[in-house]
Amino acid sequence: MRVISLNLNGIRSAASKGALAWVGGQHADVVCVQELKAQEQDLSDEHLSVLHDGREMKGVFYAAQKKGYSGVGIYSSITPSRVLRGIGVREFDDEGRVLRADFDRAATPVSIVSVYLPSGSASEERQASKFRFLEAFYPVLRDWFTEHRSTGREFIVCGDWNIAHKEIDLKNWKGNLKNSGFLPEERTWLTRVFDELGWVDVFRRLDPRPDQYTWWSQRGQARQNNVGWRIDYQIATPGIAGIARAAFIHTADRFSDHAPLVIDYQTAA
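Given the structure is predicted, the values throughout are model-derived calculations rather than measurements.

Asker: Go over the overall build of the protein, please, and point to the residues and values.
Answerer: Helix and strand counts for the protein come out as 8 helices and 15 strands. At 17 Å, the protein has a C-alpha radius of gyration in line with the 18 Å of a compact globule built from 269 residues. For the protein, the spread of C-alpha atoms along the principal axes amounts to about 45 × 45 × 40 Å. Burial status across the protein gives 55% buried among its 269 residues. Taking the average location of the 34 positive side-chain charges in the protein and that of its 34 negative ones, the two points are 2 Å from each other.

So this is what it looks like as structure tokens:
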């Protein structure tokens, strides 16, 4: 099973740069996208589904109420048995930040989640909102992990987490110690997700190398010089994380300020 995560920074903009056409050629089973910056009624047929191996990967979406802002989506080659939108907190559900799709046809049921955590870089107010999201989302992750243990359901939570976990995960870590995305409180929260709850950072499990980034500032020559951050993750329950076989960040094309994160899982039919 191939799973891709990509922050589009606007689905219409990214599509015009070939993002969805590229997705269609990747033999993916599930593609999670973030930052739609569009509401569903604004999307054309080319955005609502992706042609893949002669079949349609149909999308489900969760848009923000505010136009041109946030929003997440999931494309899949198999129709989900259930789709859940939001986490029950209006502040964040109005921004379209969490979308879960359950797939139950395989021997082991799997849930794929597309998430877009708030960025706090714009202002102190937005950073405060980000901290509130972290507080609200932690028990959701705990509940999903409890569901995993009690039912055997595996989870892959894909998306733009807007946190670089460790020094290896951004180029200029010393200069960003007081900046949103690398604050001690944010990094500690993510450590708790891994160490206390038991979730697994699948990419880092497979690839321990430095200089592996998924986002670059659009200022200066950041991308050309690979002065980036790894803030896009696939975070999974241990069972499915343990059968991840390959991972890569696709940097050959530039669809947005993020790069697609691709991971292959050796799942049974």
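On we go.
Asker: Can you tell me about the sheet that holds strand 2 (residues 30-34), naming the residues and giving the values?
Answerer: If you walk across this open sheet you meet the 7 strands as 3-4-5-2-1-15-14, and the pairing is mixed. The sheet is open, and its two edges are formed by strand 3 (49-52) and strand 14 (244-249), each paired on a single side. Taking each pair of neighbouring strands and ignoring which way they run, the sheet shows an average axis angle of 15°. By the bridge criterion, 4 bridges tie strand 1 (residues 2-7) to strand 15 (residues 261-265) in an arrangement that is antiparallel. Paired with R2 across the two strands is D264, which belongs to strand 15.

Asker: Pulling in residues and values, what's your account of the packing of helix 5 (residues 124-151) against helix 6 (residues 184-197)?
Answerer: At a minimum axis distance of 11 Å, the contact between helix 5 and helix 6 shows a crossing angle of 0°. If you check the angle between helix 5 and helix 6, you find them roughly parallel. Residues Q127, K130, F131, L134, F137, Y138, L141, R142 and F145 of helix 5 pack against E185, E186, W189, R192, V193, E196 and L197 of helix 6. Residue classes in the contact of helix 5 with helix 6 are distributed as 9 nonpolar, 1 polar and 6 charged.

Asker: Describe the pairing of strand 3, and please don't skip the residues or the numbers.
Answerer: A regular strand carries its side chains on alternate faces of the sheet. Of the strand pairs in this sheet, strand 3 and strand 4 (residues 55-62) are connected by 4 bridges, and their pairing is antiparallel. Its bridge partner lying in strand 4, V50 is registered against M57. Between the end of strand 3 and the start of strand 4, which pair antiparallel, lie 2 residues, with D53 showing a positive phi angle near 50°.

Asker: Tell me what's going on with the pattern of salt bridges, and back it up with residues and numbers.
Answerer: Tallying each qualifying case throughout the model produces 19 salt bridges. The partner of D169 in a salt bridge is R204, with the nearest N and O atoms 2.7 Å apart. Taken together, the residues span a long stretch of sequence, with D169 in the loop between strand 9 (154-160) and helix 6 and R204 in helix 7 (residues 202-206) at a distance of 35 residues. Comparing D169 with R204 shows no difference in burial state: the two are buried. Residue R230 pairs with D201 through a salt bridge whose shortest N-O separation is 2.7 Å. Linking R230 in the loop between strand 12 (228-229) and strand 13 (232-236) with D201 in strand 10 (residues 200-201), this pair joins segments that are 29 residues apart in sequence. As far as burial versus exposure is concerned, R230 and D201 are alike and both buried.

Asker: A description of the sheet that holds strand 13 should follow, citing residues and the corresponding values.
Answerer: The strand order across the open sheet formed by 6 strands is 6-7-8-9-13-10, and the pairing between neighbours is mixed. A single partner strand is all that each edge strand has here, and the edge strands are strand 6 (82-85) and strand 10.

Asker: Now, about the packing of aromatic side chains: what can you tell me, with residues and values included?
Answerer: If you walk through the whole model with that rule in mind, you get 12 aromatic pairs. Between the aromatic rings of F61 and Y75, the centroid separation amounts to 5.7 Å while the plane-to-plane angle is 85°, which identifies the pairing as edge-to-face. With a gap of 14 residues between them, F61 in strand 4 and Y75 in strand 5 (residues 72-76) connect regions that are remote in the sequence. Relative accessible area serves as the criterion here: at 3%, F61 is assigned to the buried category. Ring pairs connect the aromatic residues F92, F133, F137, W144, F145, F155, W161, W189, W199 and Y233, which therefore count as one cluster. When the ring centre of Y69 is taken as origin, the NZ or CZ atom of K66, which lies over that ring, is 4.8 Å away.

Quick notes on the rules
- Residues numbered from 1 in each chain as written.
- Predicted model: local features only at pLDDT ≥ 70, side-chain atom pairs only at ≥ 80, totals over all residues.
- Heavy atoms only, no water.
- Helix = DSSP H or I, 4+ residues; strand = E, 2+ residues; numbered from the N terminus.
- Rg over C-alpha atoms; globule rule 2.2 N^0.38 Å.
- Buried < 20%, exposed > 50% of the residue type's maximum accessible area, 1.4 Å probe, protein only.
- Lys, Arg positive; Asp, Glu negative; His and termini not counted.
- Charge placed at Lys NZ, Arg CZ, Asp CG, Glu CD.
- Pairing = 2+ DSSP bridges.
- Axes fitted to C-alpha atoms, helices over the stretch in contact; angles between N-to-C directions.
- Parallel < 35°, antiparallel > 145°, perpendicular 65-115°, else oblique.
- Contact = heavy atoms within 4.5 Å.
- Nonpolar A, V, L, I, M, F, W, Y, C, P; charged D, E, K, R; others polar.
- Salt bridge = Lys/Arg side-chain N within 4 Å of Asp/Glu carboxyl O.
- Phe/Tyr/Trp six-rings, centres within 6.5 Å; stacked < 30°, edge-to-face > 60°.
- Lys NZ or Arg CZ within 6 Å of the ring centre and 35° of its normal.

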